[in-house]
Amino acid sequence: MVADTSRQKYDAEQIQVLEGLEPVRKRPGMYIGSTGPRGLHHLVYEVVDNSVDEALAGYCKNISITIQKDNSIMVEDDGRGMPVDTHPKLGIPAVEVIHTVLHAGGKFGGGGYKVSGGLHGVGASVVNALSEHMEVEIKRNGNIYRQTYSRGKTMSKLEIVGESKKTGSKTMFRPDPEIFDELEYDYDTLEHRLREMAFLNKGVRITLRDEREGRKKKEEFYYEGGIREFVKHQNELKDPIHNTIIYFEGKRGDDAEVEIAMQYTMRFNETVFSYANNINTVEGGAHLTGFRAALTRVFNDYARKGNMLKEKYWEDESLTGEDVREGLTAIISVKMAEPQFEGQTKAKLGNSDMRGFVETCTNTNLMAFLEENPKQADEILKKIINAARGRIAARKARDTTRKSLMEGGTLPGKLADCSEKDPSISEIFLVEGDSAGGSAKMGRDRKRQAILPLRGKILNVEKASEDKMISSEEIKNMITAFGCNFGSNFEEEKLRYHKIIIMTDADVDGAHIRTLLLTFFFRHMTPLIQNGYVYIAQPPLYRVKKGKDIHYTYSEKEQECLLKELGDGKFDIQRYKGLGEMDAEQLWDTTMDWNNRTLIQVTLDDMAAADETFTMLMGDKVPPRRKFIEDNAKYVKNLDI
Ligand code: 0RA
């Protein structure tokens, strides 16, 4: 049986449709960001987003995602089933339009607004364009319908293949090896995003299954409390200072809604994540601005009303934004019609009306919470006023430090700067130890490479207040050398090097120093990591000399291969324990020379996950850290202790 279409019209429209998706195959990056792992995973989110929309419209409760044996993906939901009736203009079934016409998805909104998929938001047709095989199965009208596609084309007409009393949509796709560099799905990446989706859309049950050989697994994400449970999850290791997670929501007509959950902890850093239509707005935007403005205002009003700011200096001081955000964990989630995403990475919400909307909602509800929960309010205010006192008391010292850091123009004595002034072609190596620092200074390209030696373990900023942080010599040196200030004063345009390269020994201490550095960057210079300025150098593990030939290898595997390749002979093999064992020339040849070296770029896909990991690794709770190390130990092949 074949669903109705008029043959002639079908052919004509099909040609138009084919042309429609060709650009997606020509420039996949424009539609899904990249053809690397990110783009590959993005395909899953595009399909899941459609099911989440169906859930938010109130018609679907369960969504399941399966990584199948061959790395193809199946997404199934129990919604109404995609529409199968003939599209009035195109004369083909609506489901076919959804899969073969670019940006067709939104036009089928069955009431309400389409919430998901803002960042690329390109829908099922793009997934089709970039898959070698795609298949949908729809339960609807008592029937089971099926249609197949490939590389943007329709492969079979919509057919009825069975009967069912249920409703729902099932989509299967196998990404196209002609398009993607790698076809292997990463369970943890999908797990993180799907868990986040479940937090952001309370009551939606999302199940993830892995059916690949040797890694069968199933997890269910279902959060009745939604973002309340997100905050609870995020604060598990952070010592909250009050019990109740503050939660409120607001609606504006039927075109916008906001939900906020927040809780204060003993920590010093702020963990506020904002979302618009389930997209993590890493660059913030109107909703975040509104929230922040309300926060500062409410706490100042509450504190003054309660006579909490009594000391003399409060006469001309107020609680600042930084004070009221210290130790705060919060999720701000807005859902709205026609979100506008702006900014460098299209991750900033532009709709300016959301500022007032979120601000008003926060003003009213947060004040109400404080008034109704005086005990918890007191705990929070104590923390905030303490933060303010610390800030005011330390301001003088900090101003002096900042001045000398930022305006004095005197670079640290230990820095061997490069002569190049254009940051985009300048790089700085952060080198473990003075001796390796010395070799690096001698071996470098003086024009474009600066060297900053770091002595020993740098401060663990996860456990230190800002004042303590900027009194640390090594941290001060980095701030001055980079030139871009830190925290809320961070200025990317002032960054003096566009490559910041961490060069530490290939042992446990080296790994520790690297983690300490990354913690500092992540907490106080986040855009450095977000925008890809931070790299990790890869010094060699072995030097193999055979006659006059010298080879360097960077992993045990490479070393094995090399020895096999070289065959017999009596070699001179040196295993490097640390950078200090290399002389200037060796360090240049193996690790610093653009032509030979390998750098690993540090990237940040998921702020929430990164926050969790840093909190756990660098904080003071031992059991979860031990568990993490045990869980990950299997990935460590050569642990040099
Ligand atoms: C628009 C209208 C209708 C269903 C859907 C969209 C729909 C789309 C997807 C994509 C994945 N799962 C889905 N479930 C439903 C039908 C409207 C009606 O029944 O009147």
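Residues numbered from 1 in each chain as written. Predicted model: local features only at pLDDT ≥ 70, side-chain atom pairs only at ≥ 80, totals over all residues. Heavy atoms only, no water.

A. View of the overall build of the protein chain. For the protein chain, the helix and strand inventory stands at 20 helices and 24 strands. Within the span of the protein chain, comprising 641 residues, buried residues form 52% of the whole. A sequence separation of at least 24 residues applies to 70% of the contacts in the protein chain between residues at least 6 apart. If you sum the accessible surface of the protein chain, you get close to 29,700 Å²; carbon and sulfur atoms cover 49% of it. (Helix = DSSP H or I, 4+ residues; strand = E, 2+ residues; numbered from the N terminus. Buried < 20%, exposed > 50% of the residue type's maximum accessible area, 1.4 Å probe, protein only. Contact = heavy atoms within 4.5 Å. Areas by Shrake-Rupley, 256 points an atom, 1.4 Å probe, with all protein chains shown as cover.)

B. A look at the pairing of strand 2 (residues 73–77). Counting buried residues in strand 2 gives four out of five residues, a clear majority hidden from the surface. Where strand 1 (residues 62–67) lies against strand 2, five bridges are found, and the strand directions are antiparallel. If you follow Ser 64 over to strand 2, its bridge partner there is Glu 76. Hairpin connection, strand 1 to strand 2: the antiparallel pair is bridged by five residues, and Asn 71 has positive phi, about 65 degrees. Where strand 2 meets strand 7 (residues 168–175), five bridges bridge the pair, whose relative direction is antiparallel. (Pairing = 2+ DSSP bridges.)

C. Local environment of the packing of aromatic side chains. Within the structure shown, the criterion is met by eight aromatic pairs. Aromatic side chains Phe 199 and Phe 230 sit 4.6 Å apart centroid to centroid with 10 degrees between the ring planes, which places their arrangement in the stacked category. Remark: Phe 230 occurs in helix 7 (residues 227–234) and Phe 199 occurs in helix 6 (residues 187–200); sequence separation between them is 31 residues. On the basis of an interplanar angle of 45 degrees and a centroid distance of 6.2 Å, the ring pair of Phe 230 and Tyr 275 is categorised as tilted. Placement of Phe 230 in helix 7 and of Tyr 275 in strand 12 (residues 271–276) is noted, with a sequence separation of 45 residues between them. A residue is classified by how much of its surface remains accessible, and Phe 230, at 2% relative accessible area, is buried. Ring pairs connect the aromatic residues Phe 199, Tyr 223, Phe 230 and Tyr 275, which therefore count as one cluster. (Phe/Tyr/Trp six-rings, centres within 6.5 Å; stacked < 30°, edge-to-face > 60°.)

D. Examining the pattern of salt bridges more closely. In total, this model carries 43 salt bridges according to the counting rule given. Residues Glu 135 and Arg 146 are paired through a salt bridge, measuring 3.3 Å at the closest nitrogen-oxygen approach. With Glu 135 in strand 3 (residues 131–140) and Arg 146 in strand 4 (residues 143–150), this residue pair connects regions lying eleven residues apart in the sequence. Two residues, Lys 382 and Glu 379, come together in a salt bridge whose shortest N-O distance is 3.5 Å. Residue Lys 382 and its partner Glu 379 are both found in helix 11 (residues 374–407); the two are separated by three residues, about one turn of the helix. Judged by its relative accessible area of 54%, Lys 382 falls in the exposed class. Each of the salt bridges in this network shares a partner with another, and the network as a whole consists of Arg 25, Asp 70, Glu 132, Arg 151, Arg 174, Asp 176 and Glu 178. (Salt bridge = Lys/Arg side-chain N within 4 Å of Asp/Glu carboxyl O.)

E. How the structure looks around the sheet that holds strand 17 (residues 427–432). One open sheet accounts for five strands, arranged 18-17-19-20-24; its pairing is mixed. If you trace the sheet from one side to the other, it starts and ends with strand 18 (449–454) and strand 24 (599–601), each paired once. Taken over all neighbouring pairs, the strand axes of this sheet differ in orientation by 25 degrees on average, direction set aside. In terms of strand pairing, strand 19 (residues 499–503) meets strand 20 (residues 534–537) through three bridges, oriented parallel. (Axes fitted to C-alpha atoms, helices over the stretch in contact; angles between N-to-C directions.)

F. View of the nonpolar core. Formed by 100 residues in total, the largest nonpolar core has its most connected members in Leu 430, Phe 482 and Phe 521. Among the elements that take part in this core, helix 3 (residues 37–56) stands out by supplying eight residues, more than any other. Not counting residues within four places of it along the chain, the set of residues in contact with Phe 482 comprises Ile 428, Leu 430, Lys 494, Leu 495, Arg 496, Tyr 497, Ile 500, Phe 521, Met 525 and Leu 528. In this structure, Ile 246, Ala 303, Ile 332 and Phe 357 belong to the second largest nonpolar core, which totals 45 residues. (Core = buried A, V, L, I, M, F, W, Y, C linked by side-chain atoms within 4.5 Å.)

G. View of the pairing of strand 14 (residues 328–336). Of all nine residues in strand 14, nine are buried; the element is thus mostly enclosed. Here strand 14 shows no split at all, with Leu 328, Ala 330, Ile 332, Val 334 and Met 336 on one side and Thr 329, Ile 331, Ser 333 and Lys 335 on the other all buried. When strand 11 (residues 256–264) meets strand 14, the two strands line up antiparallel, connected through nine bridges. Looking at strand 14, one finds that Met 262 is bridged to Ala 330. Alignment of strand 12 against strand 14, held across six bridges, turns out to be parallel. Bridged to Phe 273 within strand 14 is Ile 331.

H. Representation of the environment of Gly 285 within the structure. With respect to the helices and strands, Gly 285 occurs in the loop between strand 13 (279–280) and helix 8 (286–305). Taking the C-alpha atoms as reference points, Gly 285 and Ser 274, eleven residues apart in sequence, are found 8.7 Å from one another.

I. Highlighting the packing of helix 15 (residues 508–524) against helix 19 (residues 607–618). In contact at an axis separation of 11 Å, helix 15 and helix 19 are set at 130 degrees when each is read in the N-to-C sense. The angle between helix 15 and helix 19 places the two elements in the oblique class. Helix 15 and helix 19 meet at a crossing whose hand is left-handed. Across from His 512, Thr 515, Leu 516, Leu 518, Thr 519, Phe 522 and Arg 523 in helix 15, the residues of helix 19 making contact are Met 607, Ala 610, Asp 611, Phe 614, Thr 615 and Met 618. Here the residues of the contact of helix 15 with helix 19 sort into seven nonpolar, four polar and two charged. (Parallel < 35°, antiparallel > 145°, perpendicular 65-115°, else oblique. Left-handed = near helix turned anticlockwise from the far one by under 90°. Nonpolar A, V, L, I, M, F, W, Y, C, P; charged D, E, K, R; others polar.)

J. Focus on the confidence of the model for the protein chain. In this model, the protein chain carries a mean pLDDT of 88, and residues with pLDDT of at least 70 account for 90%. Every residue in residues 1–19 is under pLDDT 50, and counting partners more than four places away or in other chains gives 28 contacts. Between residues 104–112, whose pLDDT stays under 50, and residues either more than four places distant or in other chains, the model counts ten contacts. (pLDDT = per-residue confidence, 0-100.)

K. Just helix 15, in detail. In this model helix 15 runs 24 Å from its N-terminal to its C-terminal C-alpha over 17 residues, within 8% of the 24 Å that 1.5 Å per residue would give. Taken together, the buried positions of helix 15 are occupied by Gly 510, Ile 513, Leu 516, Leu 517, Leu 518, Thr 519, Phe 520, Phe 521, Phe 522, Arg 523 and His 524. (Expected span 1.5 Å × (residues − 1).)

L. Fine view of helix 3. Over its 20 residues, helix 3 extends 28 Å from the first C-alpha to the last, a length consistent with the 28 Å expected when each residue adds 1.5 Å. In terms of residue burial, helix 3 counts as a mostly covered element, since 16 of its 20 residues are buried. Backbone geometry just after helix 3 places Gly 58 at a positive phi near 95 degrees.

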